[in-house]
Each structure stands twice: as structure tokens, then as C-alpha cells.
Amino acid sequence: MHKPLLFTGLAAGAALVGAGYLSRRNLARTQRLSGIIPIVTPFIDIETAEGVLAVMEHLPDDRVTIVLHTLGGCVTACVLIANALRQFRDSTAIVPYMAISGGTLIALSATRLEMGGRASLSAVDPQIMGQRVKHLAEGKEKPSIAALAREYDVSMRKYVRGALREHLPEERLGPAMDLFLGEHSPHEWPIQRPEVEALGIAVTPAASQWATMVDRYRGRAW
């Protein structure tokens, strides 16, 4: 059975969380980092989400920093992390290089966004079996797939609108929705910091230390 994915270019990935970086034995170390959780993995799966949620549950304060370097992943896993992130009073998403698809969804769910000078986000519309749900929703040959696609399309549009409302007034949501739902571009097309800022979303330049952190862990996970 195919799982609906936010990014389907990779069938599998060595998730850093799944590989053990955020395992129970490293939980105390993560807490000592004052709520910094690196999600450095090509693919965010359910095991990744479980590890992130476990760390969040034991953080001593109502603040968290997520460092993202990912191509996206399973819809359910990314929404689970995004939901948990929204519950923090003070949350920061840092993207030194890229947070594509589901990574963008997580980044937009934080109260603050930091991006490297060459960093990119992307559209977040879901895919089923490698095809965008908005293209499958009107399918006549496979009505069951079309029905599922419509459900995911409606759910994601509502979710993205809710996330963007935390960054933008209602009258400015239209262009942001178009950009992050990929209405005029391919799913994985890079969205750079100036485009995000042009929407009115506040973006702080990410310090070089975050790229150094990603570089250190990327070699272990990718």
C-alpha cells in the first residue's frame, strides 16, 4: 500500500532521529542544548516524528528550536511535528540550507523563522504515488484515489491557512497560499528567503553556527 507523502522523490532515507541521534540515551543531551532539536534527514518518517515528540515532551521550558535540513516526508509524520511545534509558546524554526515540502510545513508552524542566505523552502501540497493530489482530485478512472486526493487537498489547504495566519493578516494570505501550495510552480521548486519576505513573513538571517551543526550531522545521516 502506498503511503501519501509530502515528498516522494525518495522511497527511503536514513533519518537522523530514527538512526539514534534523538534516541532515549541522547535525550538528556538534547535537553542540555536548551531545547534545540535537529531534524537532519532526507525523509521524515513516523519514527522520526516519534523521536521528536518524545524530546518535546521532556523539554524543561515552553520554548523549542527546530533545526531543519530535509526533503520532506510522510504527511502524518510532518503534521504530527508541526502540531506539537504549534503548542509551544516560543518556537523557532531554523533552515540553514533547505526544508523542502513537509520541512516547509514544519518551518511555517513555528512562531519565528530563520533562514540561511542561500536557503530554500518549497510548496507543501501532498502527493499520492508520486502525483500531486490537486491533479488527482478530478480523476475519473480511479474514483477512490480521487476521493482520497480531495480529502488531502482540502485538509492541507486548511492547515496551511492556519499556519500562515500566525505570520500574516487575513488580507495577505492569498499570495502566500498560492506560493506554498504550489499553484504556479512544481512541488519541489525552491522558494528562497527574499520570496518569503516579500509575502510579509518575518525572516531572520540564520547564524553560521546552524549550518555548521547541519554539516556535522549530515555526514552521519545522509
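Each remark here, short or long, concerns the structure printed above.
The shown structure was predicted, so the numbers you read here are calculated from the model rather than taken from an experiment.

Draft legend 1. Summary view of helix 4 (residues 75-86). Between its terminal C-alpha atoms helix 4 stretches 16 Å, which fits the 16 Å expected from 12 residues at 1.5 Å a residue. Lining the buried residues of helix 4 we find strand 1 (36-40), helix 3 (46-57), strand 2 (63-69), strand 3 (90-95), helix 5 (102-108) and helix 7 (143-165).

Draft legend 2. Inspection of the packing of helix 3 against helix 4 at higher detail. Axis separation between helix 3 and helix 4 bottoms out at 8 Å; the angle between their running directions is 15°. When the axes of helix 3 and helix 4 are compared, the pair comes out roughly parallel. Helix 3 and helix 4 meet at a crossing whose hand is left-handed. Note on element contacts: helix 4 touches helix 3 through Thr 76, Ala 77, Leu 80, Ile 81, Ala 84 and Leu 85, opposite Ile 46, Ala 49, Val 52, Leu 53 and Met 56. Per-class residue counts for the contact of helix 3 with helix 4 are 10 nonpolar, 1 polar and no charged.

Draft legend 3. Main features of the sheet that holds strand 4 (residues 112-115). Across the sheet, which stays open at both edges, the 5 strands sit in the order 1-2-3-4-9 with parallel pairing between neighbours. Looking at strand neighbours, the two that pair on one side only are strand 1 and strand 9 (203-205), the edges of this open sheet. Put simply, the sheet's adjacent strands are angled 25° from each other on average, direction ignored. Bridge count for strand 3 against strand 4 is 4 bridges, and the pairing is parallel. Within strand 4, the position partnered with Ile 94 by the bridge is Glu 114. In the packing of helix 3 onto the sheet, contacts are made with strand 1 and strand 2, and the angle to strand 1 comes to roughly 175°.

Draft legend 4. Broad picture of the packing of aromatic side chains. Scanning the model with the defined rule gives 0 aromatic pairs in all. The positively charged end of Arg 86 is found above the aromatic ring belonging to Tyr 159, 4.0 Å away from the centroid. The residue whose ring lies beneath Arg 216 is Tyr 217, and the NZ or CZ to ring-centre distance is 4.9 Å.

Draft legend 5. The arrangement of the pattern of salt bridges in detail. For the structure shown, the criterion picks out 10 salt bridges. Residue Arg 157 is joined to Asp 153 by a salt bridge in which the shortest nitrogen-to-oxygen separation is 3.1 Å. Placement of the pair is Arg 157 and Asp 153 together in helix 7, with a separation of 4 residues, close to one helical turn. Between Arg 157 and Glu 183 there is a salt bridge, and its shortest N-O distance comes to 2.9 Å. Of the two residues, Arg 157 sits in helix 7 while Glu 183 sits in the loop between helix 8 (173-180) and strand 8 (191-192), which places them 26 residues apart along the sequence. A residue is classified by how much of its surface remains accessible, and Arg 157, at 27% relative accessible area, is partly exposed. Each member of the salt-bridge network shares a partner with another, and the members are Lys 134, Asp 153, Arg 157 and Glu 183.

Draft legend 6. Representation of helix 7 within the structure. An ideal rise of 1.5 Å per residue puts 33 Å on 23 residues; helix 7 measures up with 33 Å between its terminal C-alpha atoms. Of the residues making up helix 7, those classed as buried are Ala 146, Ala 149, Asp 153, Met 156, Tyr 159, Val 160, Ala 163 and Leu 164.

Draft legend 7. Region of interest: the environment of Asp 153. Classification of Asp 153 as buried rests on a relative accessible area of 16%. Considering only alpha carbons, one finds Asp 153 and Asp 125, 28 residues apart in sequence, at a separation of 7.2 Å. Contact partners of Asp 153, with chain neighbours within four places excluded, come to Val 133 and Lys 134.

Draft legend 8. Local environment of the pairing of strand 2. Burial analysis of strand 2 places 6 of its 7 residues in the buried class, which makes it a mostly covered element. Relative to strand 2, strand 1 runs parallel, the two being bridged by 5 bridges. Across the sheet, the residue bridging to Val 40 is His 69, located in strand 2. Each parallel crossover has a hand, and for strand 1 linked through helix 3 to strand 2 it is right-handed. Examined bridge by bridge, strand 2 and strand 3 share 5 bridges and lie parallel to one another. Among the inter-strand pairings, Arg 63 is bridged to a residue of strand 3, identified as Asp 90. Handedness of the crossover joining strand 2 and strand 3 through helix 4 is recorded here as right-handed.

The rules behind these values
Residues numbered from 1 in each chain as written. Predicted model: local features only at pLDDT ≥ 70, side-chain atom pairs only at ≥ 80, totals over all residues. Heavy atoms only, no water. Helix = DSSP H or I, 4+ residues; strand = E, 2+ residues; numbered from the N terminus. Expected span 1.5 Å × (residues − 1). Contact = heavy atoms within 4.5 Å. Axes fitted to C-alpha atoms, helices over the stretch in contact; angles between N-to-C directions. Parallel < 35°, antiparallel > 145°, perpendicular 65-115°, else oblique. Left-handed = near helix turned anticlockwise from the far one by under 90°. Nonpolar A, V, L, I, M, F, W, Y, C, P; charged D, E, K, R; others polar. Pairing = 2+ DSSP bridges. Phe/Tyr/Trp six-rings, centres within 6.5 Å; stacked < 30°, edge-to-face > 60°. Lys NZ or Arg CZ within 6 Å of the ring centre and 35° of its normal. Salt bridge = Lys/Arg side-chain N within 4 Å of Asp/Glu carboxyl O. Buried < 20%, exposed > 50% of the residue type's maximum accessible area, 1.4 Å probe, protein only. Right-handed = clockwise from strand over helix to strand, strands pointing away.

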